[in-house]
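Remarks on the overall topology
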Amino acid sequence: MTALALKTYSTAQLLDLWELTTSNPNEYIPVVRGWLMDELESRYPEAFDKWLDGDAEDADLRKYIEAEEG
């Protein structure tokens, strides 16, 4: 998986991956999570900012994105 490959993933796939990485102890997971956040932020900047500003839990990101998708 690369950051470029994530551009071809659906939003649902990105959010599924985000949730799968929440408790994964692999040393490379922070890099992957960074890529996921970058891609989700590029697609949904307002929802992503609200999630960050709201001091929400990782699991709440899907709710913010889905609310923006409407």
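The following refers to the structure shown. Not measured: the values here are computed from a predicted model.

On to the environment of Lys63. Among the secondary structure elements, Lys63 is positioned in helix α4 (residues 61–69). With 44 residues separating them along the chain, Lys63 and Glu19 place their C-alpha atoms 12 Å apart.

Bringing a negative patch on the surface into the picture now. There is a patch of like negative charges on the surface, built from Asp38, Glu41, Glu46, Asp49, Asp53, Glu68 and Glu69. Counting only elements with at least two residues in the negative patch, the list comes to α2 (29–43), α3 (45–53) and α4. By residue number, the principal contributor to the negative patch is α3, which donates 3 residues. Given the relative accessible area of 45%, Glu69 is considered partly exposed.

Quick look at the environment of Arg62 now. Within the element layout of this structure, Arg62 appears in helix α4. Since its relative accessible area comes to 17%, Arg62 is described here as buried. Placed 22 residues apart in sequence, Arg62 and Leu40 show a C-alpha to C-alpha distance of 10 Å. Not counting residues up to four positions away in its chain, the partners in contact with Arg62 are Ala12, Leu15, Asp16 and Glu19.

If you walk through the whole model with that rule in mind, you get 2 aromatic pairs. Relative to Trp51, the ring of Trp18 lies with its centre 5.7 Å away and its plane at 85 degrees, an arrangement referred to as edge-to-face. Here Trp18 is found in helix α1 (residues 11–20), whereas its partner Trp51 is found in helix α3, with 33 residues between them in sequence. Accessibility classification places Trp18 together with Trp51 in one group, the buried group. Their ring planes at 55 degrees and their centres at 5.4 Å tell us that Phe48 and Trp51 sit as a pair that is tilted. Of this pair, Phe48 and Trp51 both sit in helix α3, separated by 3 residues, roughly a single helical turn. The same class applies to Phe48 as to Trp51, namely buried. Each residue in the set Trp18, Phe48 and Trp51 is aromatic and connected to the rest through ring pairs, giving one cluster. The aromatic ring of Trp18 is capped on one face by Arg33, whose charged end is 3.7 Å from the ring centroid.

Conventions and cut-offs
- Residues numbered from 1 in each chain as written.
- Predicted model: local features only at pLDDT ≥ 70, side-chain atom pairs only at ≥ 80, totals over all residues.
- Heavy atoms only, no water.
- Helix = DSSP H or I, 4+ residues; strand = E, 2+ residues; numbered from the N terminus.
- Patch = residues over 30% accessible without salt bridge, like charges linked within 9 Å, V, L, I, M, F, W, Y side chains within 5 Å.
- Areas by Shrake-Rupley, 256 points an atom, 1.4 Å probe, with all protein chains shown as cover.
- Salt bridge = Lys/Arg side-chain N within 4 Å of Asp/Glu carboxyl O.
- Lys, Arg positive; Asp, Glu negative; His and termini not counted.
- Charge placed at Lys NZ, Arg CZ, Asp CG, Glu CD.
- Buried < 20%, exposed > 50% of the residue type's maximum accessible area, 1.4 Å probe, protein only.
- Contact = heavy atoms within 4.5 Å.
- Phe/Tyr/Trp six-rings, centres within 6.5 Å; stacked < 30°, edge-to-face > 60°.
- Lys NZ or Arg CZ within 6 Å of the ring centre and 35° of its normal.

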